[in-house]
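Structural characterization, general
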Amino acid sequence: MSNMKITFLGSGNIARAIIKGLIANGTPATEITAADPMKSALDEAGKLGINVTMDNQSATKDADVIIISVKPNVVTKITKEIASIVGEKLVISVAAGITSQLLQESLGAKAHVIRCMPNTPAQIQSGITGLFATAVISKTEQRIAEKILGAVGKYVWVNEEAKLHAVTAVSGSGPAYFFYIIEALQKAATQLGLSENLAKLLVIETAIGAAKMTLTETTKTADTLRREVTSPGGTTEAAINILEQGDLVGLLSRAVESANARSIELARDIT
């Protein structure tokens, strides 16, 4: 990403995560600018060696790519402020619920807009991001977006903007589901008499190992792997029976459906 000036409007956690990933992947810090009205946030971003400013317009003026990384409720205020400067520049928005139509209306008809939905593991370069490109986006611009978001993990493209709601429900909110399960397993382990440190080690290493197996065992589904470890009459079967009696599959399905519905609802409230 050398010889390309990238500006972040907003310098919070996700912005700083992407900036760290870009620098780690070879983008010169001098080619990156962050604009933010909060001095404390700018101070944190400045520690990365990038350019910082409180002026959105000056930050946007010389940028080749603009990344909108602020809270949804202030997006249109910022986009209207920079609309006269954007022209046909590539604008990538990580603001949840702000549709490409709303971005286009506030930025101007010439703006080239990509929406994306990263998740919190992006903070350790282990995230996954859903991306949606509007009709005017070129293959070159898609590759630019891939390099930027690829700096914090993997990425997938969706061909319908509405599918970003499902991406939000599955991967955007998803880390919290796994944190919740890990928390519950650790609690169960301590109730059996294990120390908190030992419970944490056992649960986390088991989670990591299971995730790696689902990734490396390309010919086996998660269902197959589960069945292989579930011996008839054994301890795992006894546990799985309880989970099935409690309809864990149905519960998770309803949880994800609820997150999806809430994402749609929030987007409607914003627009």
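In what follows, the accompanying structure is described.

So, how was this worked out
- Residues numbered from 1 in each chain as written.
- Predicted model: local features only at pLDDT ≥ 70, side-chain atom pairs only at ≥ 80, totals over all residues.
- Heavy atoms only, no water.
- Helix = DSSP H or I, 4+ residues; strand = E, 2+ residues; numbered from the N terminus.
- Buried < 20%, exposed > 50% of the residue type's maximum accessible area, 1.4 Å probe, protein only.
- Contact = heavy atoms within 4.5 Å.
- Lys, Arg positive; Asp, Glu negative; His and termini not counted.
- Charge placed at Lys NZ, Arg CZ, Asp CG, Glu CD.
- Core = buried A, V, L, I, M, F, W, Y, C linked by side-chain atoms within 4.5 Å.
- Pairing = 2+ DSSP bridges.
- Right-handed = clockwise from strand over helix to strand, strands pointing away.

Here we look at the overall build of the protein chain
When helices and strands are counted, the protein chain shows twelve helices and eight strands. Burial statistics for the protein chain: of 271 residues in total, 37% are counted as buried. If you take every contact in the protein chain between residues at least 6 apart in sequence, the share linking residues at least 24 apart comes to 60%. The distance from the centre of the 26 positive side-chain charges to the centre of the 26 negative ones in the protein chain is 3 Å.

What about the nonpolar core?
With 29 residues, the main nonpolar core has Ile 6, Phe 8, Leu 22, Val 65, Ile 92 and Ile 148 as its most contacted residues. Ranked by residues supplied to this core, first place goes to helix 1 (residues 13–24) with five residues.

Things to note about the pairing of strand 4 (residues 65–68)
Where burial is concerned, the two faces of strand 4 agree: the one with Val 65 and Ile 67 and the one with Ile 66 and Ile 68 are both buried. Examined bridge by bridge, strand 1 (residues 6–9) and strand 4 share four bridges and lie parallel to one another. Directly across from Phe 8, in strand 4, lies its bridge partner Ile 67. Where strand 4 and strand 5 (residues 90–93) come together, four bridges link them in parallel fashion. Within strand 5, the position partnered with Ile 68 by the bridge is Ser 93. Note that the unit made of strand 4, helix 4 (residues 75–86) and strand 5 has a crossover that is right-handed.

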